[in-house]
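# Coordinate inspection notes
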Amino acid sequence: MIEDREVAPRPDRPHLAVVTPAASAALLALAYIGFVSLGLPDSVLGAAWPVMHGDFRAPLESAGQLVLATTAGVVVSSALGGRLLARIGVGAVLAGSTVIAGIALVLFAVAPAWWCLVVAAALAGTGGGAVDAALNGYVARHHGARHMSWLHACFGIGATLGPLSVSVALAGNGSWRTAYGALAAVELALALAFVVTLSRWPREAPSSHPQTGRAKTTASMRAGVLFFFVYGGLEASAGLWAASYLVATKGISPAVAGTAAAVYWGALTAGRVATGAFSVRVGEERLVRWSCALALAAAAALCVPGTPDGLAVAALALLGVALAAIYPLTMHLTPQRHGQTASAPLIGYQVAACSAGIAVIPWGVGAIAARASLLLVPPLLAALAIVLNLLVRRLRPT
């Protein structure tokens, strides 16, 4: 079975790039590295913040302003990414967006005032959102499901390396700025690689029947965008509030609860590596549905009163494994469900919706838990999983 679907030479379609097997492998490697670079800055802020906020005499909670600025940039750029891809192509979007992200990291490293950090966060989100949408679209259209799963596993690698870079910098010269400077150098080097390979990235054929199936696909597309919004909220809410839930309701120490949260993220990353190995045999549609059902079962297990500590941690890890396949495989199925032309803007909307869900839903879960009880965290996770299972039934080919 041939998984990769690279663009073949077509003399009657000169707008499509000719991609040789060697060039295909090189572009795929760059895509992997690009997703590692997406994960790096996302995790650096949390690791650097205990020192950073003191340097700027900013309140501890003001990190939320930076997260909000980043999210706004991601939502706007990923939502508009489809139009940019249609106009200038994947390679140009990747090169330009990575330059923007590199400039943002430079601003982080040299920022003399708080407003510079806010601008840098917005630029980082803008660059990262466009790269996210472009690489998701490229791999979804030109490579198999296993590569999409491994692409998202690379994000986890970057998210793991980010805090380590801060630890090394703080242990060396005691400055978090060094870590941001090093990441800026990596990002700008990646931008140079995208510039060098600019002409090798494939261009998609314009649709000759842009209105075909428009009314039919609208409802399905909206369901898909909402699906990603709920998924992003479920994944982020579990990662953000699981440790607090375990400490407050199980009497687990913060150190052990933090380890449990790390197990959740580790299970999510490992699950994506494993998904890439067997998704073709099981079938993507079936695996996504099974994963949604398993996520509900894991969240329901957390809801059982008196669940032993060990089983609660195991249920959290199971939730991470269950969620692993959902994002990459659903994203990979988008061109198959809605067609190559419609997939470019739709993937951008899906990335934007997921980012919005990550920003909004965990805040809502936290607000409810703060006003009522942290005991409500598992039922809220289960409710999100129920909605996910209802929506997945509406994601059918059109």
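Here goes a summary of the coordinates provided. Note that the structure is predicted; figures quoted are calculated from it, not measured. (Residues numbered from 1 in each chain as written. Predicted model: local features only at pLDDT ≥ 70, side-chain atom pairs only at ≥ 80, totals over all residues. Heavy atoms only, no water.)

## Describing the overall build of the protein chain
For the protein chain, the count of helices and strands is 13 helices and 0 strands. Reading the protein chain from its N end, one meets helices and strands in the order α-α-α-α-α-α-α-α-α-α-α-α-α. Across the 398 residues in the protein chain, those meeting the buried criterion constitute 50%. Long-range contacts, defined here as pairs at least 24 residues apart, represent 84% of the contacts in the protein chain between residues at least 6 apart. Carbon and sulfur atoms provide 69% of the accessible area of the protein chain, an area that totals close to 17300 Å². (Helix = DSSP H or I, 4+ residues; strand = E, 2+ residues; numbered from the N terminus. Buried < 20%, exposed > 50% of the residue type's maximum accessible area, 1.4 Å probe, protein only. Contact = heavy atoms within 4.5 Å. Areas by Shrake-Rupley, 256 points an atom, 1.4 Å probe, with all protein chains shown as cover.)

## Looking at the nonpolar core
Formed by 79 residues in total, the largest nonpolar core has its most connected members in L94, W201, F227, Y231, L323 and L388. Here this core takes 10 residues from helix 7 (residues 214-250), the largest share from any one element. With residues up to four places along the chain from it excluded, the contact list for F227 reads C292, I326, T330, L388, L391, V392 and L395. Core analysis: the second largest hydrophobic core is formed by 26 residues, A48, F56, L66 and A179 among them. (Core = buried A, V, L, I, M, F, W, Y, C linked by side-chain atoms within 4.5 Å.)

## Focus on the pattern of salt bridges
A full pass over the atoms with the stated rule returns 2 salt bridges. Note that R272 and E235 form a salt bridge whose closest N and O atoms lie 3.5 Å from each other. One end of the pair, R272, is in helix 8 (residues 254-282); the other, E235, is in helix 7, and 37 residues separate them in sequence. Taken individually, R272 and E235 each receive the classification buried, so the pair is uniform in this respect. Ionic pairing is found between E285 and R337, a salt bridge with its closest N-O pair at 2.8 Å. With a gap of 52 residues between them, E285 in helix 9 (residues 284-303) and R337 in helix 11 (residues 326-338) connect regions that are remote in the sequence. By relative accessible area, E285 is classed as partly exposed at 28%. By relative accessible area, R337 is classed as buried at 5%. (Salt bridge = Lys/Arg side-chain N within 4 Å of Asp/Glu carboxyl O.)

## A closer look at helix 9
Here helix 9 spans 29 Å end to end across 20 residues, near enough to the 28 Å set by a 1.5 Å rise per residue. All of the buried residues along helix 9 are E284, L287, V288, S291, C292, A295, A298, A299 and L302. Looking straight down helix 9, one finds that the buried residues subtend no more than 140 degrees of arc, so they occupy a single side. (Expected span 1.5 Å × (residues − 1). Arc of directions from axis to C-beta.)

## A look at the packing of aromatic side chains
Taken as a whole, this structure holds 9 aromatic pairs when the rule is applied. Judged by centre distance (5.9 Å) and plane angle (80 degrees), the rings of F227 and F228 are edge-to-face. Joined through ring pairs, the aromatic side chains of F56, F108, W176 and Y180 make up one cluster. (Phe/Tyr/Trp six-rings, centres within 6.5 Å; stacked < 30°, edge-to-face > 60°.)

## A look at empty space enclosed by the protein
Within the structure shown, the criterion is met by 2 cavities of 30 Å³ or more. Going through the elements one at a time, helix 7, helix 10 (309-324) and helix 13 (377-392) are the ones with two or more residues in the lining of the largest cavity. The dominant element in the lining of the largest cavity, judged by the number of residues it contributes, is helix 7, at 4 residues. A breakdown of the residues in the lining of the largest cavity according to their chemical character gives 10 nonpolar, no polar and no charged. Computed from the structure, the second largest cavity encloses a volume of approximately 50 Å³. (1 Å grid on protein atoms, 1.4 Å probe; cavity = no way out; pocket = protein on both sides within 12 Å on 5 of 7 lines; lining within 4 Å. Points joined across faces, edges and corners; volume = space filled by probe spheres on them. Nonpolar A, V, L, I, M, F, W, Y, C, P; charged D, E, K, R; others polar.)

## Considering the side chain of K250
Its location among the elements puts K250 in helix 7. As a buried residue without a salt bridge, K250 has its nearest oppositely charged side chain in D309, at a separation of 5.2 Å. (Lys, Arg positive; Asp, Glu negative; His and termini not counted.)

## Remarks on the environment of G129
As for its placement among the helices and strands, G129 is situated in helix 4 (residues 114-142). Separated by 55 residues in sequence, G129 and V74 place their C-alpha atoms 4.1 Å apart. Apart from residues lying up to four places away in sequence, G129 is in contact with V74, S77, S78 and V351.

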